[in-house]
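These are the residues of each chain, in order.
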Amino acid sequence: MELKLNKPICFFDLETTGIDIGKDRIVEISIFKVFPNGNKESKTWLVNPTIPIPPQTTAVHGITDEKVANEPTFKDLAAQVYAMIKDSDLAGFNSDRFDIPLLAEEMLRAGVDFDMKNRVSVDVQTVFHKMEERTLSAALKFYCGKTLENAHSAEADTMATYEILKAQLDRYPELENDMKALSEFTTRKKIADFAGMIAFDKDDEEIFTFGKHKGVKVEKVLESEPGYFSWIQNADFPLYTKKVLTAIKLRKLNNKLS
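The paragraphs below set out a description of the structure included in this document. Quick caveat: nothing in here was measured; it's all calculated off a predicted structure.

## Quick notes on the overall build of the chain
Counting secondary structure elements, the chain contains 11 helices and seven strands. For the chain, the C-alpha radius of gyration of 19 Å lies close to 18 Å, the compact-globule estimate for 258 residues. Its C-alpha atoms give the chain principal-axis dimensions of roughly 55 × 50 × 30 Å. When burial is assessed residue by residue, the chain has 50% of its 258 residues classed as buried. Of all intrachain contacts in the chain linking residues separated by at least 6 positions in sequence, the fraction that spans at least 24 positions is 60%. Total accessible area computed for the chain in this model is approximately 12,900 Å², and 50% of it derives from carbon and sulfur atoms. In the chain, the 35 positive side-chain charges and the 41 negative ones have mean positions that sit 4 Å from each other.

## Structural notes on the sheet that holds strand 1 (residues 9-16)
Spatially, 3-2-1-4-5 is the arrangement adopted by the five strands of the open sheet, whose pairing is mixed. The open sheet has two free edges, formed respectively by strand 3 (40-46) and strand 5 (121-123), since each of these has just one partner strand. Neighbour to neighbour, the strand axes of the sheet diverge by 20° on average, direction disregarded. Sitting on the sheet, helix 7 (residues 154-171) touches strand 1, strand 2 (26-34), strand 3, strand 4 (89-92) and strand 5, and the angle it makes with strand 1 is about 145°. Sheet strands in contact with helix 8 (residues 179-186) are strand 1, strand 4 and strand 5, and its direction is about 55° off that of strand 5.

## Examining unusual backbone geometry
A positive phi angle is found at Thr 50, which is not glycine, with a value near 70°. Assessed through its relative accessible area of 57%, Thr 50 is described here as exposed. Of note in this structure, Asn 94 is not a glycine but carries a positive phi near 70°. On the secondary structure map, Asn 94 appears in the loop between strand 4 and helix 4 (95-109).

## Overview of the pairing of strand 4
Along strand 4, one buried face is formed by Asp 89 and Ala 91 and the opposite face, lined by Leu 90 and Gly 92, is buried too. Sheet analysis places strand 1 next to strand 4, joined by three bridges and oriented parallel. Across the sheet, Ile 9 pairs through a bridge with Asp 89, a residue of strand 4. Where strand 4 lies against strand 5, three bridges are found, and the strand directions are parallel. Across the sheet, residue Ala 91 finds its bridge partner in strand 5, namely Val 122. Taken together, strand 4, helix 4 and strand 5 constitute a β-α-β crossover, and its handedness is right-handed.

## Regarding the environment of Lys 75
Here Lys 75 shows up in helix 3 (residues 74-85). In sequence terms Lys 75 and Met 107 are 32 residues apart; their C-alpha atoms lie 7.7 Å from each other.

What counts, and where the lines are drawn
- Residues numbered from 1 in each chain as written.
- Predicted model: local features only at pLDDT ≥ 70, side-chain atom pairs only at ≥ 80, totals over all residues.
- Heavy atoms only, no water.
- Helix = DSSP H or I, 4+ residues; strand = E, 2+ residues; numbered from the N terminus.
- Rg over C-alpha atoms; globule rule 2.2 N^0.38 Å.
- Buried < 20%, exposed > 50% of the residue type's maximum accessible area, 1.4 Å probe, protein only.
- Contact = heavy atoms within 4.5 Å.
- Areas by Shrake-Rupley, 256 points an atom, 1.4 Å probe, with all protein chains shown as cover.
- Lys, Arg positive; Asp, Glu negative; His and termini not counted.
- Charge placed at Lys NZ, Arg CZ, Asp CG, Glu CD.
- Pairing = 2+ DSSP bridges.
- Axes fitted to C-alpha atoms, helices over the stretch in contact; angles between N-to-C directions.
- Right-handed = clockwise from strand over helix to strand, strands pointing away.

See the structure below:
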């Protein structure tokens, strides 16, 4: 089954220095773009993370410091990456919880004002976990009858994810072949930032999900404890979380002035 698209969708995968969204960096990124007319294009970049790659991480994806020493940094590549994805929805395997948040951090560090407005994301892992509870390799075997060669290579994982989503649509007729519907199906909870530190409550208002103000409306905290905003801005929080919090504060200020 081919995907029904109203706009392009980019399947992508990252190999990184680790799993800390705020501190780790991309060492490889692969993007496979599918257009509504059926055309496809793909691009893979090795990236110099500018920080050491831990040996235990190299053991997973095989990328060493020496391999990326002469490759461009993400800041050098950001414009090319953004040009490829800016008109597209996004899809990946565990992308909502890891790849998209880390990509957003790298984009913001590079000075690219990346966000998810006017686009949706489809997390193929969530479809799989809701239906079958398995891993990427098992998903490819289960849905496509194929063995995943070169697992933990960004390109191999990206192509596997694309093949799995198409096979999932064949297998589950109750899944709608529509990117917005798939995005809603794969969304675990409604969050305002990628890291899940600011979520929406039943009234569709932002609340903190951590710390002493967990479950409290963000606007209420900003009003009762103005220093909390400054503390977050100066502490080691993800850049996108800081961006979202700033937008809420400005919105609140504008509402007061209007």
